[in-house]
Amino acid sequence: MADLDADDIFRDDDDDLDNQPSLEKESTKEYVVYLVDASPKMFTTTCPTEEEGQKDETHFHIAVSCISQSLKSQIINRSYDEVAICFFNTREKKNIQDLNGVFVFNVAEREFLDRPNARLIKEFDLIEETFSKNIGSQQGIVSATRENSLYNAIWVAQALLRKGSAKTVDKRMLLFTNEDDPFGSMKGAIKSDMTRTTLQRAKDARDLGISIELLPLSCPDEVFNVSQFYADLIGLEGDDLVDFMPSAGNKLEDMKDQLRKRMFTKRIVKRIKFTIVNGLSIDLNSYALIRPTVPGAITWLDSVTNRPLKSERTFICADTGALVEESSRRFHPYKNQNITFSTKELIEIKRVSTGHLQLLGFKPLSCLRDYYNLKPSTFLYPSDEGMDGSMCLFVALHRSMIQLNRFAVAFFGSSSRPQLVALIAQEEVIQSGGQIEPPGMHMIYLPYSDDIRLIEERFSDTSGTVPKASDDQIKKASDLIKRIDLRDFSVCQFANPALQRHYAILQALALEEDEIPEMKDETLPDEEGLARPGVVKAIEEFKTSIYGENYDEESEHGTRKPTEASRKRKAISEFATKECENYDWGELADTGKLKDLTVVELKYYLTAHNLPVSGKKEALISRILTHMGK
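As annotated in an unreviewed UniProt entry, the protein chain carries the name ATP-dependent DNA helicase 2 subunit KU70 and comes from Crotalaria pallida. Quoted verbatim from the Subcellular location (unreviewed entry) field of UniProt, the annotation for the protein chain is "Nucleus". In the Catalytic activity (unreviewed entry) part of its UniProt record, the protein chain is described as follows: "ATP + H2O = ADP + phosphate + H(+)".

A grouping of L289, I290, L486, F489, V491 and F494 is seen on the molecular surface, where their side chains present a nonpolar patch of about 530 Å² in accessible area. Here F494 lies in the loop between α13 (471-484) and α14 (497-510). Classification of F494 by relative accessible area gives partly exposed; the value is 36%.

Our focus in this paragraph is the side chain of D37. Its place among the elements puts D37 in strand β2 (residues 29-37). Buried charged residue D37 carries no salt bridge. Nearest counter-charge: K41, at 8.0 Å. A distance of 2.8 Å separates polar atoms of two side chains, one belonging to D37 and the other to N89. A polar side-chain atom of D37 sits 2.9 Å from a polar atom in the side chain of T177. Apart from residues no more than four positions distant in its own chain, D37 is found in contact with M42, F60, F88, N89, F176, T177, N178 and E179.

To continue, consider the packing of aromatic side chains. Applying the stated criterion to the full structure yields 13 aromatic pairs. Note on F87 and F131: the rings are 5.3 Å apart at their centroids and 70° apart in plane angle, and the pair reads as edge-to-face. Here F87 is found in strand β5 (residues 82-88), whereas its partner F131 is found in helix α4 (residues 127-134), with 44 residues between them in sequence. F131 matches F87 in its accessibility class, with the two residues each being buried. Pairing F229 with Y230 gives two aromatic rings, centres 5.2 Å apart and planes at 80°, and the pair type is edge-to-face. Summarising the burial analysis for this pair, F229 and Y230 share the class buried. Among the aromatic residues, ring-to-ring pairing joins F43, F60, F87 and F131 into one connected group. Directly above the ring of Y445 sits K375, whose terminal nitrogen or CZ lies 4.4 Å from the centroid.

This part covers the side chain of Q473. Counting through the fold element by element, Q473 comes out in helix α13. When residues no more than four places from it in sequence are discounted, the contact partners of Q473 are F542, S545 and I546.

Quick notes on the rules
Residues numbered from 1 in each chain as written. Predicted model: local features only at pLDDT ≥ 70, side-chain atom pairs only at ≥ 80, totals over all residues. Heavy atoms only, no water. UniProt positions renumbered as here; feature names shortened; annotations may be inferred. Patch = residues over 30% accessible without salt bridge, like charges linked within 9 Å, V, L, I, M, F, W, Y side chains within 5 Å. Areas by Shrake-Rupley, 256 points an atom, 1.4 Å probe, with all protein chains shown as cover. Salt bridge = Lys/Arg side-chain N within 4 Å of Asp/Glu carboxyl O. Helix = DSSP H or I, 4+ residues; strand = E, 2+ residues; numbered from the N terminus. Buried < 20%, exposed > 50% of the residue type's maximum accessible area, 1.4 Å probe, protein only. Lys, Arg positive; Asp, Glu negative; His and termini not counted. Polar contact = N/O pair within 3.5 Å; in protein donor to acceptor, adjacent residues only side chain to side chain. Contact = heavy atoms within 4.5 Å. Phe/Tyr/Trp six-rings, centres within 6.5 Å; stacked < 30°, edge-to-face > 60°. Lys NZ or Arg CZ within 6 Å of the ring centre and 35° of its normal.

Dropping the structure here:
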């Protein structure tokens, strides 16, 4: 039997799953088939570019460039998703069904629907140069033939998306075209028959859990009429049909933004059962709206085959060297005797929570403090596959909470981290025909009592009194904040410059690019904005109200007595700097031997260069390489 560590007995193996974005679950996978119209109209219709001196871009170029950019983002951010690129209205054909007018673009040693790789991206970037020679374009559906290339394309895409279950994988078709009436050249019974069969093929795909999304390419003088045909194809009706074209946009930049919004759809993190009372529950989907992004974990590869390595654990007898099977029972010493546990008993002992939501009651919104939100919240929305009446029950609860200004208190958590949560109802916000905020509930993880620290204890003096700001100081601080307040601020406006450079280096290595693109640091202060007379005046008045008119910042820093904590930090920094000089960091980085160092040794470099030392070993190595520009 295996001895149990007293500190480890109640720890779950998956305690850190929330902090490991590299661990992809099957339920977060997405299969996408890009359907790109390759008719001559896509090559002859152009849109003006924003940059001067550059010729107008064709609709085919717009579709290809957007797909290329999304593939480069996907291979870094969502490498477990699988994609296929399919052109229709083509001269050549290449598909499993051997249908005319459909060409599935692919590279060697890769399935039609598979994870994107560097070779696919490199060859797809050159598709415009080789398209006319290797694939070719032909007129779409014409009256002289019964060939229906759009029907064939949807059939091919549906066959590609047959892989995987719709319950665990999100399946989508993204259709690029600038022809709003593909059967416009046909008349009579032939047109109605081909229209009916194509719409039925699309309906069959949607019934199988495959969503079809249209990305219409319009011209400045010709608006794409979605009601002509494609509204029935993708299942648009009512308000969705009215709002579709305004949200898609007619300008080039709007089209690209809309594509990015559709590519980066919100993923379901987990499906949760929300129990209201005994026998009455709601099935909910949880979404992570905003989360910090970290570099991906290191994947160990075989030096010969370049395939990912799988680690296995075995027990070896210290005396004989023979393999020993892992014990199914464990023990823990207690009062001079060994208490034995089976694996099943340990699991049941650690099962504090079932992982579902249990409603406890309601409280006024005034009871909820801002500082309770210590970690990113989770967004909740009813599941389409939930029980009958789940949506109605959720809407009634959501509406009542808003009208009464109440939030719900519920019990939630994994088997090792049970906690109370606050559910706050959010109303839908719509502007300019587009949804800004969705309706639903935010789940805020309420802190334990030990998580709350009183600010008065931190800044009180020896007598216990806390210094208070005067009315003049508060007014000057308020004026300063109003001057430098960012309008329409959103955390999504700023990208992490270190991560951007990290990804740029990975992309350059994978695609064998000669130059690394310059990354713009959007987190730097706006020097031009801070130099405005009104801002400078507000800053000086605030400083004067706090420190007085004769305050000398340099002398203040020079006369300030070092605290015990600052002396300790200085000693640690000096020791780390001294130890850091004993390593040739450039050679270790070039030869890939940073992984052989311990976490303590890696922190020598980080501390010596005033870099964060938090995170796992892979994050430390990535931070060092980013700082060295490798």
